[in-house]
Amino acid sequence: MSTPQRIGVPREIFPLEKRVAAVPDTVEKLIKLGFQVAIESGAGDAAHFSDDAYRAVGADIIDSAATLWAGSDIVLKVRPPHGEEVALLRQGGTLISFIWPAQHPELMAQLAAKQATVLAIDCLPRTLSRAQKMDALTSTAGVSGYRAVIEAANAFGRYFNGQITAAGKVPPAKVFIAGAGVAGLAAIGTAANLGAIVRANDTRAEVADQVKSLGGEFVKVDYEEDGAGGGGYAKVMSEGFQAAQRAMYAQQAKDADIIITTALIPGKPAPKLITAEMVQSMKPGSVIVDMAAEQGGNCELTVPDQAVVRHGVTIIGYTDLPSRLAKQSSTLYATNLLRLTEELCKAKDGVAVVNMEDEAIRGLTVIKDGAVTWPAPPLKAAPAPAPKAAAAPLEQKKSGHGHGSSGPLPAKTLAIIFAVAAMAFWVIGAYAPEAFLGHFTVFVLACFIGYMVVWNVTPALHTPLMSVTNAISSIIAIGALVQIASPAAGLDGRPDSLITWLAFAALVLTAVNMFGGFAVTRRMLAMFRK
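Residues numbered from 1 in each chain as written. Predicted model: local features only at pLDDT ≥ 70, side-chain atom pairs only at ≥ 80, totals over all residues. Heavy atoms only, no water.

Draft legend 1. The arrangement of the overall build of the chain in detail. Each helix and strand in the chain was counted, giving 16 helices and 17 strands. Of all 530 residues assigned to the chain, the portion counted as buried reaches 41%. Long-range pairs, those at least 24 residues apart, make up 62% of the contacts in the chain between residues at least 6 apart in sequence. Here the chain has roughly 28,400 Å² of accessible surface; of this, 61% comes from carbon and sulfur atoms. (Helix = DSSP H or I, 4+ residues; strand = E, 2+ residues; numbered from the N terminus. Buried < 20%, exposed > 50% of the residue type's maximum accessible area, 1.4 Å probe, protein only. Contact = heavy atoms within 4.5 Å. Areas by Shrake-Rupley, 256 points an atom, 1.4 Å probe, with all protein chains shown as cover.)

This is the structure we're talking about:
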């Protein structure tokens, strides 16, 4: 039997980083998978997770970072490790963290020299539907987009929503969001919920419907070019498109009170979208939140990790937006890592197995036992569906109502039906008692009316109309029963008791039909009420 592996969670040492890679809830589940879990003392303090909370779910608290790294088979982190942290990683150990291999070639070389196995959570193949539960980029971006709006509201000098007060009318804030990825969509939803007028743009035309569904207005660039790139990101656009885009941004900058930029291209510096001239054209007191500040920024005047004022416009370049909601960010990120660990430990024996045949795990694995395996090969295309056998041509439907055939009956069949019906009516008229004929006439008319009212209704209208007409039919049936159970019911040798019991049974059945019809109608109508 394999010895359970030990998972270590160190305290993040990156400046301003408050997140932690595991929270008490996920630690408890990791232990149920068979792992031992060790937490560096104080690792969760900045995210409001105390050492006692970790101890309560079975984690070991380690005072020294060196001891934690040396004694851990698997290390869970948030930020890419610094050089001194790589030195603490045990030979042949496993690291799961954000790595950004394209931006950190030296880090990749250092980790490979340690014969480590490294899973970069940022390299997850996001187009795989089953990988969504492990998608930490989406989790982080959603938090960042929300926080960007909060930071903008804090720096903005007015309400977001319009108001009419005794002192006068306050117009709503106008917010323009550049980039409608996960972070941009989160910002759109948050700003719209606060009552602002929200406009957004993205190089990917397919996100226009998503923008509108969140309450925003999609602003299209007057230039036809598809900006969809791989993995859900945008690609670098042509010079012609960029020129048209700058003209559109210049127009929006003059009108907007708040601009939030989210544009990033994997492995490359953030594109410059907001020029100094655009900032100068904005109204005094306006705000720009540059969410791409860590990669150079989308605004030419952005200063990373600072909020500065240029030309009367506050430009916020914070790179720690997820950490400004540390508890929420940590919980989401820790859950993503838990789902990844479940994929690595399907046997629930406390041993992680890196299966390179699994497309999701293969995409994440940038170093395997010291060998650099990044970039991963392209995902296999889904097999084309087997061609379906040619279906027999369907006869063209003819317009009609009800359940029966939409076409007329053949003349021969119709003649036979009329002949049989005429014969039946002749027999009844010739041999039935005279009193019965009146009741029979009422019965035939009731059947005809019931057919015309209910059975001949278009099937699409049967609910709730069907239940109402059933109730009407029940009332008609009750009227017929009253005639049958008339004072003359005992004449002609017919037993009164038989008629009474038949009438009682009929009343019970029609009552169920009538009240049931109204009950169904009420429930169906309730489905459409808010």
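Draft legend 2. Examining the environment of Ala66 more closely. Relative to the helices and strands, Ala66 resides in helix H3 (residues 65-70). Here the alpha-carbon distance between Ala66 and Glu84, two residues 18 residues apart in the chain, equals 9.9 Å.

Draft legend 3. Spotlight on the sheet that holds strand E16 (residues 365-368). Taken together, the eight strands give an open sheet; going across it, the order is E3-E2-E1-E4-E5-E6-E16-E17, and neighbouring strands pair in mixed fashion. The sheet is open, and its two borders are formed by strand E3 (60-62) and strand E17 (371-372), each paired with just one other strand. Bridge analysis of strand E5 (residues 94-97) against strand E6 (residues 117-120) gives four bridges, and the strand direction is parallel. Within E6, the residue paired with Leu95 across the bridge is Val118. The strands touched by helix H1 (residues 24-32) within the sheet are strand E1 (6-9), strand E2 (36-40) and strand E4 (74-76), with E2 carrying the most contacts at an inclination of about 150°. Helix H5 (residues 105-113) rests against E5, E6, E16 and E17 of the sheet, and its axis sits at about 40° to E16. (Pairing = 2+ DSSP bridges. Axes fitted to C-alpha atoms, helices over the stretch in contact; angles between N-to-C directions.)

Draft legend 4. Summary view of the sheet that holds strand E10 (residues 197-201). Here seven strands make up an open sheet; going across it, the order is E11-E10-E9-E12-E13-E15-E14 and the pairing mixed. In this open sheet, the two strands that pair with only one neighbour each are strand E11 (217-218) and strand E14 (307-310). Pairing geometry for E14 and strand E15 (residues 313-316), over four bridges, is antiparallel. Residue pairing across strands places Val308 opposite Ile315, the latter belonging to E15. Each of strand E12 (258-261), strand E13 (287-290) and E15 touches helix H6 (residues 136-155); the most contacted strand, E13, lies at about 155° to it.

Draft legend 5. Main features of the nonpolar core. Counting 43 residues, the largest nonpolar core has Ile39, Leu76 and Leu340 as the members making the most contacts within it. Mapped by element, the contributors of at least two residues to this core are E1, H1, E2, E4, H6, helix H11 (326-344) and helix H12 (359-364). No other element matches the seven residues that H11 contributes to this core. Setting aside anything within four residues of it in sequence, one finds Leu76 in contact with Ile7, Gly8, Val9, Pro10, Ala21, Leu30, Ile96 and Leu337. Listed in part, the 30 residues of the second largest apolar core include Ala141, Ala173, Phe218 and Ile258. (Core = buried A, V, L, I, M, F, W, Y, C linked by side-chain atoms within 4.5 Å.)

Draft legend 6. Geometry of the pattern of salt bridges. Within the structure shown, the criterion is met by 25 salt bridges. Notably, a salt bridge pairs Arg6 with Asp60, separated by 3.4 Å at the nearest N-O pair. Of this pair, Arg6 sits in strand E1 while Asp60 sits in strand E3, and the two are 54 residues apart along the sequence. Judged by its relative accessible area of 18%, Arg6 falls in the buried class. Here Asp60 falls in the partly exposed class, since its relative accessible area comes to 35%. Ionic pairing is found between Glu17 and Arg19, a salt bridge with its closest N-O pair at 2.8 Å. (Salt bridge = Lys/Arg side-chain N within 4 Å of Asp/Glu carboxyl O.)

Draft legend 7. Just the packing of aromatic side chains, in detail. Overall, the coordinates contain five aromatic pairs when judged by the stated rule. Between the aromatic rings of Phe156 and Phe160, the centroid separation amounts to 6.3 Å while the plane-to-plane angle is 85°, which identifies the pairing as edge-to-face. Phe160 matches Phe156 in its accessibility class, with the two residues each being buried. Look at Tyr223 and Phe241: their rings are 6.1 Å apart centre to centre, the planes differ by 85°, and that puts the pair in the edge-to-face class. Here Tyr223 is found in the loop between E11 and helix H9 (239-255), whereas its partner Phe241 is found in helix H9, with 18 residues between them in sequence. Taking relative accessible area as the criterion, Tyr223 reaches 36% and is therefore assigned partly exposed. The exposure class of Phe241 is buried, given its relative accessible area of 3%. (Phe/Tyr/Trp six-rings, centres within 6.5 Å; stacked < 30°, edge-to-face > 60°.)

Draft legend 8. Layout of unusual backbone geometry. Residue Trp374 is joined to Pro375 through a cis peptide bond whose omega torsion reads 0°. Residue Gln115 is not a glycine yet carries a positive backbone phi of 55°. You can see Gln115 is positioned in the loop between H5 and E6.

Draft legend 9. Main features of H1. The set of residues buried in H1 consists of Pro24, Thr26, Val27 and Leu30. What you see down the axis of H1 is that its buried residues fit within an arc of 160°, all on one side. Turned more than 90 degrees off the buried face of H1, the exposed positions are Asp25 and Lys32. For H1, the secondary structure elements touched by its buried residues are E1, E2, helix H2 (51-56), E4 and H11. A positive phi of about 105° marks Gly34, the residue just after H1. (Arc of directions from axis to C-beta.)

Draft legend 10. Quick peek at the side chain of Lys77. Within the secondary structure layout, Lys77 lies in the loop between E4 and helix H4 (83-88). The exposure class assigned to Lys77 is buried, which follows from its relative accessible area of 1%. Sequence-distant contacts of Lys77, that is, excluding residues within four places in its chain, are made with Pro10, Glu12, Ala21, Trp69, Glu85, Leu95, Ile96, Ser97, Phe98, Tyr333 and Leu337.

Draft legend 11. The pairing of E12, seen in detail. Here E12 shows a buried face lined by Ile258 and Ile260 and a second buried face lined by Ile259 and Thr261. Pairing between strand E9 (residues 174-178) and E12: four bridges, direction parallel. Looking across to E12, one finds that Ile177 is bridged to Ile260. Bridge count for E12 against E13 is four bridges, and the pairing is parallel. Along E13, the bridge assignment pairs Ile259 with Ile288.

Draft legend 12. Quick look at the side chain of Asp202. Inspection of the secondary structure assignment puts Asp202 in the loop between E10 and helix H8 (208-213). Side-chain polar atoms of Asp202 contact the backbone nitrogen of Ala180, separated by 2.6 Å. Side-chain polar atoms of Asp202 contact the side chain of Arg204, separated by 2.8 Å. In this view, Asp202 contacts Gly179, Ala180, Gly181, Val207 and Phe218; residues no more than four positions away in its chain are not counted. (Polar contact = N/O pair within 3.5 Å; in protein donor to acceptor, adjacent residues only side chain to side chain.)

These figures come from the coordinates and say nothing about function on their own.
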